[in-house]
Amino acid sequence: MEVVVDGKHGLMTPDDGTTFQAYLEALRRNISSRRRVIVSFVLDGEKIDPDNLGARGQQPPGNFGLLEVKTADPFQFSVGTLTGLLAHLKNMEKTQEEILQFAGSGEYAKTLEKAEACFYGWDILMRAVRDVGTLSTADLKNLDAGGATVDVRIRELQEALLRYTAAMEFKDVARIAELIQTEFRGRLQDWRTVIEALGRHVARTSST
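The rules behind these values
- Residues numbered from 1 in each chain as written.
- Predicted model: local features only at pLDDT ≥ 70, side-chain atom pairs only at ≥ 80, totals over all residues.
- Heavy atoms only, no water.
- Phe/Tyr/Trp six-rings, centres within 6.5 Å; stacked < 30°, edge-to-face > 60°.
- Helix = DSSP H or I, 4+ residues; strand = E, 2+ residues; numbered from the N terminus.
- Buried < 20%, exposed > 50% of the residue type's maximum accessible area, 1.4 Å probe, protein only.
- Pairing = 2+ DSSP bridges.
- Salt bridge = Lys/Arg side-chain N within 4 Å of Asp/Glu carboxyl O.
- Axes fitted to C-alpha atoms, helices over the stretch in contact; angles between N-to-C directions.
- Expected span 1.5 Å × (residues − 1).
- Polar contact = N/O pair within 3.5 Å; in protein donor to acceptor, adjacent residues only side chain to side chain.
- Parallel < 35°, antiparallel > 145°, perpendicular 65-115°, else oblique.
- Left-handed = near helix turned anticlockwise from the far one by under 90°.
- Nonpolar A, V, L, I, M, F, W, Y, C, P; charged D, E, K, R; others polar.

Participant: What's the story with the packing of aromatic side chains in this structure? I'm lost.
Facilitator: Two aromatic rings, taken as a pair, are described by how far apart their centres are and by the angle between their planes. Here the structure, examined in full by the defined rule, presents four aromatic pairs. Consider the rings of F20 and F64, whose centres lie 4.9 Å apart with planes at 45 degrees: the pair is tilted. Residue F20 is located in helix α1 (residues 20–33), and its partner F64 is located in the loop between β4 (46–48) and β5 (66–72); the two are separated by 44 residues in the primary sequence. Overall, the relative accessible area of 11% leaves F64 in the buried class. An aromatic cluster of at least three residues, connected via ring pairs, comprises W122, Y164 and F184.

Now the structure itself:
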């Protein structure tokens with residue numbers, strides 16, 4: 001299997017004697033030692049999740065043709081991610097208002113469609129914040145985000161999402177609208193504060 005890292009060709013893996021999963025883990029360690037982070041893996045034209053390879057992870061590298069790897073500077077990647085999350089929050093605010101509008105007018109199918117998008121939006125936000133925290137070595141248990149730590153905000157959101165998914169499972173449009181109104185509207189500002197707090201942390205660590 002040929003491996004291309006940031007457009008640079010010439011790296012070949014052993015065809016056998018190891019697994020694809022083991023090779024990816026070794027590659028991650030190598031790239032991390034050079035103070036870079038992996039942004040994406042593309043295997044034979046398909047973007048893959050290295051933590052969810054399934055049976056492919058146990059196959060020898062020789063079973064595949066081309067692995068393309070993109071890396072980034074941790075600071076630049078963190079800043080770019082946080083900037084994108086602020087725009088993401090604006091889109092989520094719009095989605096939540098649409099849920100309330102559709103629920104109020106009795107358009108239940110559209111309400112449920114937007115409700116699902118809203119759930120994934122919050123999940124993406126939470127995962128991205130955790131990733132930036134890891135990359136920037138932030139202590140989320142102690143990093144203040146407007147009167148509560150980032151870790152507390154994450155746990156609060158996880159609990160709210162459990163209530164939200166229960167309402168979605170029962171297609172309870174009234175309950176979904178109630179949760180958006182009473183819980184998730186207010187969390188938008190909380191999470192703007194989380195992103196801003198992480199941004200200040202990244203700026204501090206990059207200057208030391």
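Participant: What is the right way to read the pairing of strand β1 (residues 2–5) from this model?
Facilitator: Regular strands have side chains that alternate between both faces of the sheet. Two strands pair when backbone bridges link them, and β1 and strand β2 (residues 8–12) are joined in this way by three bridges, in the antiparallel orientation. Of the residues in β2, the one forming a bridge with E2 is M12. The hairpin turn running from β1 into β2, its antiparallel successor, is two residues long, and D6 in that turn takes a positive phi close to 50 degrees. Summarising the sheet, β1 and β5 pair through four bridges and their orientation is parallel. The partner of V4 across the bridge, within β5, is E68.

Participant: Just checking my understanding: could you explain the pattern of salt bridges for this structure?
Facilitator: Between side chains of opposite charge, pairing is possible as soon as their charged atoms come close. One pass over the full model with this rule turns up 15 salt bridges. Residue R56 is joined to E46 by a salt bridge in which the shortest nitrogen-to-oxygen separation is 3.2 Å. Taken as a pair, R56 in the loop between β4 and β5 and E46 in strand β4 lie far apart in primary sequence, 10 residues in all. Owing to a relative accessible area of 41%, E46 belongs among the partly exposed residues under this scheme.

Participant: It is not clear to me how the sheet that holds β2 should be interpreted in this structure. Could you clarify?
Facilitator: Sheet strands line up and pair through hydrogen bonds in the backbone, either parallel or antiparallel. Overall, mixed pairing links the five strands, which are arranged β2-β1-β5-β3-β4 in an open sheet. Among the strands making up the open sheet, the edge pair consists of β2 and β4. Sheet twist, expressed as the average angle between the axes of neighbouring strands with direction ignored, equals 30 degrees. Note: strand β3 (residues 37–43) against β4, three bridges, orientation antiparallel. Looking across to β4, one finds that F41 is bridged to I48.

Participant: How should helix α2 (residues 74–104) be read in this particular structure?
Facilitator: The α-helix advances 3.6 residues per turn, and as a result positions three or four apart in sequence lie on the same side. Here α2 spans 44 Å end to end across 31 residues, near enough to the 45 Å set by a 1.5 Å rise per residue. The backbone nitrogen of F75 lies 3.0 Å from a side-chain oxygen of the residue at the head of α2, namely D73. After α2 finishes, the residue G106 shows a positive phi value of roughly 80 degrees.

Participant: I would appreciate a short explanation of the packing of α2 against helix α5 (residues 173–206) in the present structure.
Facilitator: For any two helices packed against each other, the geometry is given by the interaxial angle and the distance between the axes. At a closest axis distance of 10 Å, the pairing of α2 and α5 adopts a crossing angle of 165 degrees. In terms of orientation, α2 and α5 fall into the roughly antiparallel class. Like other packed secondary-structure pairs, α2 and α5 cross with a definite hand, here left-handed. Residue composition of the contact of α2 with α5, grouped by class: 20 nonpolar, five polar and four charged.

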